[in-house]
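Geometric and topological summary
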Amino acid sequence: MTAQTCFHGRHIKPIVLDGLTGDNWRLADYEKRDGYVALRKMLADKATPDQVIAEVKKSALRGRGGAGFPTGLKWSFMPRQHPGPKYLVCNSDEGEPGTFKDRDILRYNPHSVIEGMVIAAYASGSTAGYNYIHGEIWPEYERFQVALDEAYGAGYLGRNILGSDFSFDLYTTHGFGAYICGEETALLESIEGKKGLPRFKPPFPAGYGLYGKPTTINNTETFATVPWILRHGGDAFVALGRPNNGGTKIFSVSGDVTSPGNYEIPLGTPFAQLLGLAGGMRGGRRLKAVIPGGSSMPVLPGETMMATDMDYDSIAKAGSMLGSGGVIVMDETRCMVRCLERLSYFYFEESCGQCTPCREGAGWLYRVVHRIEHGQGRMDDLGLLDSVAGNIIGRTICAFGDAAALPVRSFLKQFRGEFEHHIEHKRCLVPDYV
Amino acid sequence: MSALPESGETLSAEAWRQIDREVAKYPPQQKRSAIVAALAIAQDEVGWLPSWAIEAVASYLGMPPIAAYEVATFYSMFNLEPAGRFKLTLCTNLPCALSGATRAAAHLKARLGVDFEQTSSDRMFTLQEGECFGACGDAPVLLVNNKRMCSFLSDERLDQLLDELRRSG
């Protein structure tokens, strides 16, 4: 079995993963794919930052990291008349279980991220930038440095980019095994050389970010999408998807499918079609459950997903969130108690420990799910889980606490009978398959 | 290279050069931004992070030793005690578990005669349970000494990997 990850040719109208072979990641290859055309045109036309932001706003591009915040709006929050440095940060700390798209972008199309960042720096008035890369993907970190060196050599980075009066320096930096650093303010703390403890918001990074300076942070895929938007226009991007859900999105499909991998499709594509691209269910088994947006998002029953389209609004209407686009597929042989046990262990393991409700609550949730899974649960444990989850949600500095609690609530809501069966019969409703 | 701990131990000149390259990425007054990278460089050289290495790096970056200890203990890829020649970190998170990581974990434990967080009796392998590497499509995945990712690990491929590492170790 070899990595086919994004070379399967089963994308629909791809933008970011279009034409990639694994070997064509260098600068010359990127330029053959119209790379850096958008940057050249923007500088040659002397477009104003407001014009660039307006185009991105028109595209309805929403942040691809998980929160789905409108990108153009975020860029417009940067103070204009601020003296001294302003920063631009790329969040490539991809560690949301089920999500593995940014790794493919970084290793197979790194210049799309660099070009997107230079354009964003111009629009937001940033003077320097950092790409913070997940510590677990070291070859990608090293490759991104090679791509940066190429971009500097060609005049796309550094002083007076392409002969203009615009200057921007970009560096690469890395984490070393802390999920929480994917939270944007924890990431800033990490770049500052500290533990990754999320900050209170407000102030938001646009006012007080890296080293206390105005800072814009976007996800890798978000930046990689920007050059296409400037080349083809915001309207063309919206037209690819749906109103308020512009463009294509890369979905990382994992779990019980025939061909796990990354699939770039227009927002609004039916889930059933995405599942078909991934080769359908492994072994022809029946679909039971799907987490549509990375492990922090609520799980949905398979039949609900089969009637849902893959865009922000449709998935929200179905009761979950599009999140990072990490689609975890579970078949009929999977025990929902066991699946939740593993996820709850993850949040227990990764809580930064700063806020008491999350630090204590995540461990509490894990221990209770663990005892239900191991035949030691009591019927009032279900109420206890709900109560602990409810006492975490909204009571922590960052969204991690909600992320630990929401899967518990959703598994209980969607598959309560399975938990009751475990408690009542001290064993699993489905045969142990793994 | 300002700090030589009492033991006289320090990193190699090459390691300090690498650390200098990291420091150069940040504003002059923000040298401590390089601490994660500098500790990773130190760990690559020493094999783990003894206190002299943490303190030497802290001193070099002009930060209190306790601030460097905080970082070393916060990020899970740092080894705070000596590990085996090869640290094998297997992701067992849900997407990987759905694609064979549970089987791979059982196979590794049986072959090495250790549980997670243990080192084999010949000091060759330390087995660790990892959290998401962001490579779920390639499951099961494991990292060898943090930096080399091995993918699609059937039992057969795991055996090949262990043989290869034993020969090279």
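Computed from a predicted structure; not experimentally measured.

Right, let's get into the packing of helix H5 (residues 101-108) of chain A against helix H9 (residues 220-232) of chain A. All names here are of chain A. Packing of H5 against H9 leaves a shortest axis separation of 9 Å and a crossing angle of 50 degrees. As the angle between them shows, H5 and H9 are arranged oblique. The element H5 and its partner H9 pack so that their crossing is left-handed. Along the contact surface, H5 presents Lys101, Asp102, Ile105 and Leu106, while H9 presents Thr220, Glu221 and Ala224. Looking at the contact of H5 with H9 residue by residue, the classes come out as three nonpolar, one polar and three charged.

The amide bond that connects Lys201 of chain A to the next residue, Pro202 of chain A, takes the cis arrangement and shows omega of -5 degrees. Relative to the assigned elements, Pro202 of chain A resides in the loop between helix H8 (184-191) and strand S4 (215-219). A cis amide bond, omega -5 degrees, links Ala139 of chain B with the succeeding residue Pro140 of chain B. Structurally, the position occupied by Pro140 of chain B is in the loop between strand S3 (125-130) and strand S4 (142-144). Positive phi, close to 50 degrees, is recorded for Lys13 of chain A, a residue that is not glycine. On the basis of relative accessible area, Lys13 of chain A is assigned to the exposed category, the value being 52%. The phi angle at Lys426 of chain A is positive, at roughly 60 degrees, despite the residue not being glycine. Note that Lys426 of chain A resides in the segment after helix H17 (400-425). Take Lys426 of chain A: its relative accessible area is 48%, and that puts it in the partly exposed class.

Core analysis: the largest hydrophobic core is formed by 121 residues, its most contacted members being Ile114 of chain A together with Ile19, Val57, Leu61 and Tyr75 of chain B. Element by element, the count of residues in this core is highest for helix H6 (residues 110-124) of chain A, at nine residues. Apart from residues lying up to four places away in sequence, Val57 of chain B is in contact with Leu11, Trp16, Ile19, Ile35, Ala38, Leu39 and Ala42 of chain B. Ranked by size, the runner-up nonpolar core spans 30 residues in total, among them Met330, Val368, Ile392 and Leu412 of chain A.

Counting all residues, the mean pLDDT for chain B is 95, and 95% of those residues have values of 70 or more. Here the predicted complex scores 0.96 on pTM and 0.95 on ipTM.

Next up on the list: the interface of chain A and chain B. Where interface size is quoted, it is often the accessible area lost as the parts come together. Counting residues at the interface gives 62 residues for chain A, matched by 45 residues for chain B. Remark: the boundary between chain A and chain B carries two salt bridges. At the junction of chain A with chain B, the criterion picks out 19 residue pairs in polar contact (both at pLDDT 80 or more). Mapped by element, the contributors of at least two residues to the side of chain A that touches chain B are H5, strand S2 (128-133), helix H7 (138-153), strand S3 (169-174), H8, strand S5 (248-255), strand S11 (326-331) and helix H14 (336-350) of chain A. No other element matches the eight residues that H14 of chain A contributes to the side of chain A that touches chain B. Of the residues contributing to the side of chain A that touches chain B, the split by class is 30 nonpolar, 17 polar and 15 charged.

We now examine the packing of aromatic side chains. Counting across every chain of the model gives 23 aromatic pairs over all chains. Relative to Tyr26 of chain B, the ring of Tyr130 of chain A lies with its centre 5.3 Å away and its plane at 15 degrees, an arrangement referred to as stacked. Highlighted residues: Tyr130 of chain A in strand S2 and Tyr26 of chain B in the loop between helix H1 (13-23) and helix H2 (35-46), drawn from two different chains. Each member of the pair, Tyr130 of chain A as well as Tyr26 of chain B, is classed as buried. Look at Phe74 of chain B and Tyr75 of chain B: their rings are 5.2 Å apart centre to centre, the planes differ by 75 degrees, and that puts the pair in the edge-to-face class. Here the two residues Phe74 of chain B and Tyr75 of chain B agree in accessibility, since each one is buried. Three or more aromatic residues joined by ring pairs form one cluster here, namely Tyr87, Tyr130, Tyr171 and Tyr211 of chain A together with Tyr26 of chain B.

Thresholds, definitions, all that
Residues numbered from 1 in each chain as written. Chains lettered and ligands numbered in written order. Predicted model: local features only at pLDDT ≥ 70, side-chain atom pairs only at ≥ 80, totals over all residues. Heavy atoms only, no water. Axes fitted to C-alpha atoms, helices over the stretch in contact; angles between N-to-C directions. Helix = DSSP H or I, 4+ residues; strand = E, 2+ residues; numbered from the N terminus. Parallel < 35°, antiparallel > 145°, perpendicular 65-115°, else oblique. Left-handed = near helix turned anticlockwise from the far one by under 90°. Contact = heavy atoms within 4.5 Å. Nonpolar A, V, L, I, M, F, W, Y, C, P; charged D, E, K, R; others polar. Buried < 20%, exposed > 50% of the residue type's maximum accessible area, 1.4 Å probe, protein only. Core = buried A, V, L, I, M, F, W, Y, C linked by side-chain atoms within 4.5 Å. pLDDT = per-residue confidence, 0-100. Salt bridge = Lys/Arg side-chain N within 4 Å of Asp/Glu carboxyl O. Polar contact = N/O pair within 3.5 Å; in protein donor to acceptor, adjacent residues only side chain to side chain. Phe/Tyr/Trp six-rings, centres within 6.5 Å; stacked < 30°, edge-to-face > 60°.

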